[in-house]
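For reference, the chains in residue letters:
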Amino acid sequence: MNRLDAYLMRALVLALVFVTFAVTAAVWLTQSLRYVDVVVENGAPLHLFVWLALLTLPTFLSIILPVALFVAVLFTYHKFIQDSEMVAMRACGMGPHALAKPALMLALVCTVLGFFMSLWLQPLASRELLKMQYFVQSQFSAALLKEGTFNDLGNRMTVYVARREQNAELTGLLIHDGRNPAKPVTIRAVRGQLAQGPSGPQVIVYDGIQQEYNRATGRLSELTFDSYAVSLDTLVPTLAGRTPLPRELGIFDLIQQSRTEADANRQRRLTSELHQRFTGPLMSLGFAMIATCCLLFGEFNRRGNARRVISAVALAALLQAVVLGMGQMATRNSWAITPLYFAALLPIILGVELLWRSERRRWV
């Protein structure tokens with residue numbers, strides 16, 4: 001790599017890092033807000049919130065990286081054209097092929113990184129994120145009980161808390177447990193204490209009354225107690241028997257299940273996910289080809305390159321829309337897989353053809 005190539009590469013890398021960091025920070029902030037309640041409500045510690053937020057990065061970073069590369073290439077080459085640096089480079093004998101080489105080398109690096117995230121890191125992070133969410137809900141979900149409202153815990157269980165005190169203490173408790181439809185139970189207690197039991201979160205209630213209604217006999221029985229432990233195991237989700245989502249499966253599991261899955265709808269979703277993981281990273285090369293070809297070919301115009309920039313943005317937006325549309329359509333119709341690969345590979349093939357022809361004309 002000569003000095004001009006290194007100069008172009010340095011400018012491209014700096015622009016890529018800046019754009020990627022800015023967009024990732026904005027998206028990561030919005031995505032991580034869903035986990036703030038776990039910390040604010042005095043539930044999970046701060047390091048679990050940070051870890052949950054970090055696990056969301058690979059999911060959207062694989063989408064942000066090709067777009068950030070496109071913006072970096074478009075901005076860098078447009079700036080060089082406006083500052084007449086591109087004219088000087090052309091005067092030194094650099095054609096479109098040589099000028100595009102640093103951008104395409106960076107696009108290859110981003111493509112390899114995209115395959116790494118798409119095929120390995122993203123499903124691994126999705127599985128770990130799911131496990132951590134279940135762990136947090138199991139260990140700290142009792143902290144999500146809101147005061148002054150009827151908290152529907154699911155599975156016919158409702159808890160009312162008049163006030164939450166420090167150290168997980170509760171006052172003014174009303175608990176309705178309808179998990180046994182034949183004998184629903186209602187508990188009223190003066191105060192209670194959140195605790196972690198062997199089967200999950202529980203609340204130990206003090207100075208209260210338990211009422212049990214027997215639907216078969218129509219009798220209502222009451223029991224006065226000093227202390228009583230009520231399990232809140234409905235707050236604890238379980239992974240047992242759960243069918244994993246396509247994005248959680250590793251590449252080899254995805255290939256195997258897409259061939260052996262009996263349910264036709266799930267098989268199409270698995271097949272669509274599999275092919276999108278292979279076509280998604282190719283967007284880096286496709287976007288880089290669109291940006292370089294739109295700005296490097298044609299005559300130099302002192303009045304600016306607004307039309308070329310607009311054309312590049314329109315083509316990139318069209319490519320992104322077609323690829324996303326074909327990917328979604330592939331979940332319902334298998335015939336959309338072929339257009340998906342065609343759309344992802346078309347700008348790469350056309351860009352290579354244009355660059356090869358321009359280089360051949362220079363030496364003929």
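Thresholds applied
Residues numbered from 1 in each chain as written. Predicted model: local features only at pLDDT ≥ 70, side-chain atom pairs only at ≥ 80, totals over all residues. Heavy atoms only, no water. Helix = DSSP H or I, 4+ residues; strand = E, 2+ residues; numbered from the N terminus. Buried < 20%, exposed > 50% of the residue type's maximum accessible area, 1.4 Å probe, protein only. Contact = heavy atoms within 4.5 Å. Salt bridge = Lys/Arg side-chain N within 4 Å of Asp/Glu carboxyl O. Expected span 1.5 Å × (residues − 1). Bend = angle between axes of the 7 residues up to and from the residue. Core = buried A, V, L, I, M, F, W, Y, C linked by side-chain atoms within 4.5 Å. Axes fitted to C-alpha atoms, helices over the stretch in contact; angles between N-to-C directions. Parallel < 35°, antiparallel > 145°, perpendicular 65-115°, else oblique. Left-handed = near helix turned anticlockwise from the far one by under 90°. pLDDT = per-residue confidence, 0-100.

Novice: Looking at this structure, how should I read the overall build of the chain?
Specialist: Helix and strand counts for the chain stand at 11 helices and 6 strands. Within the chain, buried positions represent 41% of all 364 residues. Sequence-distant contacts, at least 24 apart, represent 62% of the contacts inside the chain between residues at least 6 apart.

Novice: Sorry, what's going on with unusual backbone geometry here?
Specialist: The phi dihedral of Asp207 falls on the positive side, at around 55 degrees, and the residue is not glycine. Along the chain, Asp207 turns up in strand β5 (residues 200-214).

Novice: Quick question: what am I supposed to make of the side chain of Ser284 here?
Specialist: On the secondary structure map, Ser284 appears in helix α9 (residues 282-296). Residue contacts for Ser284: discarding those within four places in its chain leaves Pro66, Leu69, Ala107, Cys110 and Thr111.

Novice: It is not clear to me how the pattern of salt bridges should be interpreted in this structure. Could you clarify?
Specialist: A side chain with one charge can pair with a side chain of the opposite charge if their charged atoms come near. On inspection of all chains with the given rule, the structure shows 3 salt bridges. The salt bridge partner of Asp5 is Lys101, with a shortest N-O separation of 3.3 Å. Placement of Asp5 in helix α1 (residues 3-32) and of Lys101 in helix α6 (residues 96-140) is noted, with a sequence separation of 96 residues between them. The exposure class of Lys101 is partly exposed, given its relative accessible area of 35%. Among the salt bridges present, the one from Asp83 reaches Lys79, with a minimum N-O distance of 3.2 Å. Residue Lys79 is classed as partly exposed on the basis of its relative accessible area, which comes to 37%.

Novice: Any chance you could explain α1 here in plain terms?
Specialist: Here α1 contains 30 residues, and its C-alpha end-to-end distance of 42 Å stays within 8% of the 44 Å for a straight helix at 1.5 Å per residue. Buried within α1 we find Asp5, Leu8, Met9, Leu12, Ala15, Leu16, Val19, Thr20, Thr24 and Ser32.

Novice: Please clarify how helix α4 (residues 57-82) should be interpreted in this entry.
Specialist: Along an α-helix, residues three or four positions apart point the same way, because every turn accommodates 3.6 residues. Taking 1.5 Å per residue as the helical rise, α4 with its 26 residues ought to reach 38 Å, and the 35 Å between its terminal C-alpha atoms agrees with that figure. The largest bend in α4 amounts to roughly 30 degrees and is located at Ile63, with the proline Pro66 lying one to four residues further along. Ser84 lies just past α4 and shows a positive phi near 65 degrees.

Novice: Where do I start with the nonpolar core in this structure?
Specialist: In summary, soluble globular proteins display a tendency toward joint burial of nonpolar side chains. Leu16, Leu69, Phe70, Tyr77 and Met86 are the most contacted members of the largest nonpolar core, which has 51 residues in total. Put simply, the parts of the chain that give this core at least two residues each are α1, α4, α5 (85-91), α6, α9, α10 (306-330) and α11 (337-363). No other element matches the 11 residues that α9 contributes to this core. Those residues in contact with Leu16 that lie beyond four places of it in its chain are Leu65, Ala68, Leu69, Ala72, Leu106 and Cys110.

Novice: Whenever I open this one, the side chain of Arg266 confuses me. Can you help?
Specialist: Looking at where Arg266 falls in the secondary structure, it is placed in helix α8 (residues 264-279). Non-local contacts of Arg266, meaning those with residues more than four positions away in its chain, are made with Thr243, Pro244, Pro246, Leu249, Gln257 and Glu261.

Novice: Sorry if this is basic, but what is going on with the packing of α1 against α4 here?
Specialist: Helix packing geometry: the angle between the two helix axes and the distance between the axes. One way to put it is that α1 packs onto α4 with a least axis distance of 7 Å and a crossing angle of 140 degrees. Classed by the angle they form, the pair α1 and α4 counts as oblique. When you trace α1 past α4, the crossing you get is right-handed.

Novice: Honestly, the environment of Ala344 in this entry has me stumped. Any pointers?
Specialist: Tracing the sequence through the fold places Ala344 in helix α11. On the basis of relative accessibility, which here comes to 1%, the residue Ala344 falls in the buried class. Between the alpha carbons of Ala344 and Val322 there is a distance of 8.9 Å; along the sequence they are 22 residues apart. Contact partners of Ala344, with chain neighbours within four places excluded, come to Thr279, Leu282 and Val323.

Novice: Teacher, can you tell me more about the confidence of the model for the chain here?
Specialist: Do not read the predicted coordinates in detail wherever pLDDT is low. When pLDDT is averaged along the chain, the result is 82; 85% of the residues meet or exceed 70. Here helix α2 (residues 36-40) stands out as the least confident element of the chain, with mean pLDDT 62; α9 is the most confident, with 91.

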